[in-house]
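Spelled out from the first residue to the last, the chains are:
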Amino acid sequence: MIILGIETSCDETAAAVVADGKTVLSSIVSSQHEVHHPYGGVVPELASRKHIEAIVPVVDEAVRASGVDAEQLDAVAVTRGPGLVGALLVGFCFAKAFAYMRDLPWVGINHLEGHVNSVFLEPDPPPFPFVALLVSGGHTSIYHVTSHTAMELLGQTRDDAAGEAFDKVAKMLELGYPGGAVIDRMAKEGDPDKIIFPRPFLDKLVFDFSFSGLKTAVKRYIQIHKDDCTRQIPDIAAGFQEAVVDVLSYKVIHAAKTKRCDHIALVGGVAANSRLREKVRHDAGLEDLTVHIPSVELCQDNAAMIAAMGYHYLVAGKVSGLADDVFSRARMG
Ligand code: KG4
Ligand code: ZN
């Protein structure tokens, strides 16, 4: 089954063609980062406008690069939510029209389930059940995953998402948007043990997170050391990143042990973080757990994961109808 996937939930216009839910024939991502960079965050109205400009060329390019004809497509999968409503609507309405015109089945996909399923686009995916840590700009959650379409939420952030914390700290340090990748880079030049920021573990037995206190601690440090801050940026970045990574790594390993799962998946934009990848692999190895992390391209927003998820839903007999709408807040299914 050859599926065209479309993703426009935030600031990436993405389209991909995927065969049988696992072979990526093409994956095109057009990022709007430069548009939002001056504002230190995504401006929803600008995001919608840019999606409108990009959607047709991006889909055209994905079909062309896949080597299949548009006539050979069997179905369309499109992100339905969560995300920015105006942005989602661009991809969603485009997908509806595209499928209607060609009389193809189509299915609306939960972006978060797409991220979790991104591990199946890589060789050697985890067997069910496994525990997934989803860390992105909008979400930080741990799931117990029992099938492609069944995942139980074990815990989530009570305030900022991990990626949001990276972006806000980058903004405080005037490093621009999005902040994750630049903090990752800066941290390599810093000493993670020089400035020790608090580790917000909360109750070590629960799988919830809270990053707003850590963010405030960084803000206070910057205020106190404002005369000398520029010189300290690498150490601040490294200290902050190490605190986030410590908590994420501890919680996901603890969840896997509690659920007696031998396999962990690390997904979402923040899973691109080099220190997080290294730390979870190392710590999980000590507990004989196997870690699955997609390539950086598949961690960040993309449409291949949406097409893959579409395959699993369509095989299970789920299709969407023209009356269906997008949704903005997190929910599963
Ligand atoms: O999954 P994603 O592409 O979009 C959402 O669904 O939110 O995640 C974007 C987030 C941003 O907050 C970005 O700063 C963060 O992922 N990110 C990183 C890295 N690369 C992207 N965070 C930490 N380290 C990175 N290398
Ligand atoms: Zn995402």
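### Considerations on the overall build of the protein
Part 1 of the argument: Looking only at helices and strands, the protein has 11 helices and 10 strands in total.
Part 2 of the argument: Against the globule reference of 20 Å for 333 residues, the protein gives a C-alpha radius of gyration of 20 Å, in line with a compact fold.
Part 3 of the argument: Expressed as a percentage of its 333 residues, the buried residues of the protein come to 57%.
Part 4 of the argument: In the form shown here, the protein has an accessible surface area of approximately 14,000 Å², with 52% of it arising from carbon and sulfur atoms.
Part 5 of the argument: Each charge sign in the protein was given a centre, from 31 positive and 42 negative side chains, and these centres are 6 Å apart.

### As for the pairing of strand β3 (residues 23-31)
Part 1 of the argument: As paired elements, strand β2 (residues 12-19) and β3 share 8 bridges and run antiparallel to each other. Residue A19 lies in a different strand from β3, and its bridge partner there is T23.
Part 2 of the argument: The hairpin turn running from β2 into β3, its antiparallel successor, is 3 residues long, and D20 in that turn takes a positive phi close to 50°.

### Quick look at the coordination of the zinc ion (ligand 2)
Part 1 of the argument: The protein atoms donating to the zinc ion (ligand 2) are H111 (NE2), H115 (NE2) and D301 (OD), with metal-donor distances spanning 2.0 to 2.1 Å.
Part 2 of the argument: Read from N- to C-terminus, the donor residues coordinating the zinc ion (ligand 2) fall into the pattern H-x3-H-x185-D. Linking H111 with H115, this pair stays in helix α4 (residues 111-117), spanning 4 residues, or about one helical turn. One exposure class covers both H111 and H115, and it is buried.

### Some words on the packing of aromatic side chains
Part 1 of the argument: If you walk through the whole model with that rule in mind, you get 9 aromatic pairs.
Part 2 of the argument: Every member of this aromatic cluster is reached through a ring pair, and the members are F120, F128 and F130.
Part 3 of the argument: Stacked on the ring of F98, the Lys or Arg R102 has its end atom at 3.9 Å from the ring centre.
Part 4 of the argument: The cationic tip of K318 hangs over the ring face of Y313; the distance from NZ or CZ to the ring centre is 4.2 Å.

### Topic: the sheet that holds strand β9 (residues 263-267)
Sheet strands pair via backbone hydrogen bonds, and the direction of the pair is either parallel or antiparallel.
Part 1 of the argument: Taking strand neighbours across the sheet as the criterion, the 5 strands line up as β8-β7-β6-β9-β10 in an open arrangement whose pairing is mixed. The open sheet has two free edges, formed respectively by β8 (150-156) and β10 (290-292), since each of these has just one partner strand. Pairwise comparison of adjacent strand axes, ignoring direction, gives a mean angle of 25° for this sheet.
Part 2 of the argument: Sheet topology note: the β9/β10 ladder contains 3 bridges and is parallel. Residue pairing across strands places A265 opposite H292, the latter belonging to β10.

### Focus on the site of ligand 1
Part 1 of the argument: G137, D167, G180, D184 and G269 are the nearest of the 20 residues found near ligand 1.
Part 2 of the argument: Within the backbone of G138, a nitrogen or oxygen atom sits 3.5 Å from an oxygen atom of ligand 1.
Part 3 of the argument: Compared with its free state, where it exposes 550 Å², ligand 1 has 89% of that area covered by protein.
Part 4 of the argument: Secondary structure elements with two or more residues in the shell around ligand 1: α4, α5 (162-172) and α6 (180-187).

### Digging into the sheet that holds strand β5 (residues 106-110)
Part 1 of the argument: Strand order in this open sheet of 5 strands is β3-β2-β1-β4-β5, and the pairing throughout is mixed. A strand with exactly one partner marks an edge of an open sheet, and here the two such strands are β3 and β5. With strand direction ignored, the average angle separating the axes of adjacent strands in the sheet is 20°.
Part 2 of the argument: Lying over the sheet, helix α3 (residues 85-102) contacts β1 (2-7), β4 (75-81) and β5, oriented at roughly 155° with respect to β4.
Part 3 of the argument: The strands that helix α11 (residues 304-315) touches are β1, β2, β3, β4 and β5; relative to β1, the one it contacts most, it runs at about 125°.

### Regarding the domain arrangement of the protein
Part 1 of the argument: Taken as a whole, the protein is organised into domain 1 (2-116 + 298-315) and domain 2 (124-293).
Part 2 of the argument: The distance between the C-alpha centroids of domain 1 and domain 2 comes to 26 Å.
Part 3 of the argument: Buried area between domain 1 and domain 2, both sides added, is near 1,600 Å², and the carbon and sulfur share of it is 72%.
Part 4 of the argument: On the domain 1 side of the contact with domain 2, L112, V116 and C299 bury the most area, a combined 37% of that side's loss.
Part 5 of the argument: Applying the counting criterion to the domain 1 and domain 2 interface returns 0 salt bridges.
Part 6 of the argument: At the junction of domain 1 with domain 2, the criterion picks out 3 residue pairs in polar contact (both at pLDDT 80 or more).
Part 7 of the argument: Contributions of two or more residues to the side of domain 1 that touches domain 2 are made by α1 (33-36), α4 and α11.
Part 8 of the argument: Among the elements that take part in the side of domain 1 that touches domain 2, α4 stands out by supplying 4 residues, more than any other.
Part 9 of the argument: Among the residues making up the side of domain 1 that touches domain 2, the classes are represented as 8 nonpolar, 8 polar and 2 charged.

### With respect to the nonpolar core
Part 1 of the argument: Core analysis: the largest hydrophobic core is formed by 54 residues, its most contacted members being I142, F197, I236, F240 and L248.
Part 2 of the argument: Counting residues per element, the ones that place at least two in this core are β6 (130-135), α5, α6, α7 (212-224), α8 (229-258), β9 and α9 (274-286).
Part 3 of the argument: Among the elements that line this core, the one with the most residues is α8, at 15 residues.
Part 4 of the argument: Apart from residues lying up to four places away in sequence, F197 is in contact with L214, A217, V218, Y221, I236, G239, F240 and A243.
Part 5 of the argument: Core analysis: the second largest hydrophobic core is formed by 27 residues, V58, A62, F92 and L104 among them.

Conventions we followed
Residues numbered from 1 in each chain as written. Chains lettered and ligands numbered in written order. Predicted model: local features only at pLDDT ≥ 70, side-chain atom pairs only at ≥ 80, totals over all residues. Heavy atoms only, no water. Helix = DSSP H or I, 4+ residues; strand = E, 2+ residues; numbered from the N terminus. Rg over C-alpha atoms; globule rule 2.2 N^0.38 Å. Buried < 20%, exposed > 50% of the residue type's maximum accessible area, 1.4 Å probe, protein only. Areas by Shrake-Rupley, 256 points an atom, 1.4 Å probe, with all protein chains shown as cover. Lys, Arg positive; Asp, Glu negative; His and termini not counted. Charge placed at Lys NZ, Arg CZ, Asp CG, Glu CD. Pairing = 2+ DSSP bridges. Donors = N, O, S within 2.8 Å, 3.2 Å for Na, K, Ca; no water. Phe/Tyr/Trp six-rings, centres within 6.5 Å; stacked < 30°, edge-to-face > 60°. Lys NZ or Arg CZ within 6 Å of the ring centre and 35° of its normal. Axes fitted to C-alpha atoms, helices over the stretch in contact; angles between N-to-C directions. Near = heavy atom within 4 Å. Polar contact = N/O pair within 3.5 Å; in protein donor to acceptor, adjacent residues only side chain to side chain. Contact = heavy atoms within 4.5 Å. Domains from an automatic or database assignment. Buried area = accessible area lost by both parts, 1.4 Å probe. Salt bridge = Lys/Arg side-chain N within 4 Å of Asp/Glu carboxyl O. Nonpolar A, V, L, I, M, F, W, Y, C, P; charged D, E, K, R; others polar. Core = buried A, V, L, I, M, F, W, Y, C linked by side-chain atoms within 4.5 Å.

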